[in-house]
Amino acid sequence: FDAGGSIVTTLRDLDGAAGMVVRGDTLYVALWKDQSIVAIDTRTLTERRRYSTGAGTCPGQVTAAGAVVWFSYGCNSTWGLGIGSLDLGSATVRLARQGSTTIFGAIYLDAANTTLAAGMMGGSRLYVFDITGTDLRLRTEASYDAAGSNLRQVALNPDASRVFVASGAPYEVQYIFPSTRMKA
């Protein structure tokens, strides 16, 4: 859009575009219909590359930390969902990075430094993981008492010392300290 609100250009062939994140001069877009993540040059608005996430993955939300793009996936909005990683150095996609942590419902993601926050869309669970390369280790999880209910989004501050949670109950933005599971 330009300053007047008019569309300047449209990027085509991005069926099922879902979550997006900008890293440097590249826009990464999850394409749930195409089962891929596409990298788009933000200067030329041309596609650089598509990374297949595998059949039946339906990638949704994306975030980035270091040289890794993290994405939520799962074609069924209730069961069989997970967190995947795309290593930008090796172009390797790996699924089920959340290990044995079971996440029900679509997933909101955000990452900062070596921390990834994942919240159940419309639910009341919040998970905070430590990132090592393309591996995740569950640091803590919180339920309604700390995360609220009917989650709408999660966000980390730049040093990952706070996780912000927007929820429908209570109708406010709250934050928790992921190292202590305590709500502020």
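Residues numbered from 1 in each chain as written. Predicted model: local features only at pLDDT ≥ 70, side-chain atom pairs only at ≥ 80, totals over all residues. Heavy atoms only, no water.

J.: Could you give me a rundown of the overall build of the chain, with the residues and numbers involved?
T.: A tally of regular secondary structure across the chain gives 1 helix and 16 strands. In terms of C-alpha radius of gyration, the chain reaches 16 Å, essentially the compact-globule figure of 16 Å for 184 residues. The C-alpha extent of the chain, read off along each of the three principal axes, is 45 × 40 × 30 Å. Considering the chain as a whole, with its 184 residues, one finds that 45% of them fall into the buried category. Intrachain contacts of the chain at a sequence separation of at least 6 include 37% that bridge at least 24 residues. Here the chain has roughly 9,100 Å² of accessible surface; of this, 51% comes from carbon and sulfur atoms. (Helix = DSSP H or I, 4+ residues; strand = E, 2+ residues; numbered from the N terminus. Rg over C-alpha atoms; globule rule 2.2 N^0.38 Å. Buried < 20%, exposed > 50% of the residue type's maximum accessible area, 1.4 Å probe, protein only. Contact = heavy atoms within 4.5 Å. Areas by Shrake-Rupley, 256 points an atom, 1.4 Å probe, with all protein chains shown as cover.)

J.: Please provide a residue-by-residue account of the nonpolar core, values included.
T.: Trp70, Ile83, Leu116 and Ala118 are the most contacted members of the largest nonpolar core, which totals 16 residues. Counting residues per element, the ones that place at least two in this core are strand 6 (68-73), strand 9 (107-112), strand 10 (115-120) and strand 11 (126-132). If you look at the next biggest cluster of nonpolar residues, it comprises 13 residues, including Ala112, Ala117, Ala142 and Val154. (Core = buried A, V, L, I, M, F, W, Y, C linked by side-chain atoms within 4.5 Å.)

J.: An account of the sheet that holds strand 1 (residues 17-23) is requested, with residue identities and associated values reported.
T.: Strand order in the open sheet made by the 4 strands is 1-2-3-4, with antiparallel pairing throughout. Every other strand in the sheet has two partners, leaving strand 1 and strand 4 (47-52) as the edge strands with one partner each. Within this sheet the neighbouring strands show an average axis-to-axis angle of 20 degrees, counted without direction. Of the strand pairs in this sheet, strand 2 (residues 26-31) and strand 3 (residues 36-41) are connected by 6 bridges, and their pairing is antiparallel. The partner of Leu31 across the bridge, within strand 3, is Ser36. (Pairing = 2+ DSSP bridges. Axes fitted to C-alpha atoms, helices over the stretch in contact; angles between N-to-C directions.)

J.: Account for the state of the cysteines, naming residues and giving values.
T.: Within the structure shown, the criterion is met by 1 disulfide. Across the disulfide, Cys58 is cross-linked to Cys75 (sulfur-sulfur distance 1.9 Å). Here Cys58 and Cys75 share a disulfide; its torsion about the S-S bond, 90 degrees, makes the bridge right-handed. One end of the pair, Cys58, is in the loop between strand 4 and strand 5 (62-65); the other, Cys75, is in the loop between strand 6 and strand 7 (82-87), and 17 residues separate them in sequence. Given a relative accessible area of 13%, Cys58 falls into the buried group. (Disulfide = S-S within 2.5 Å.)

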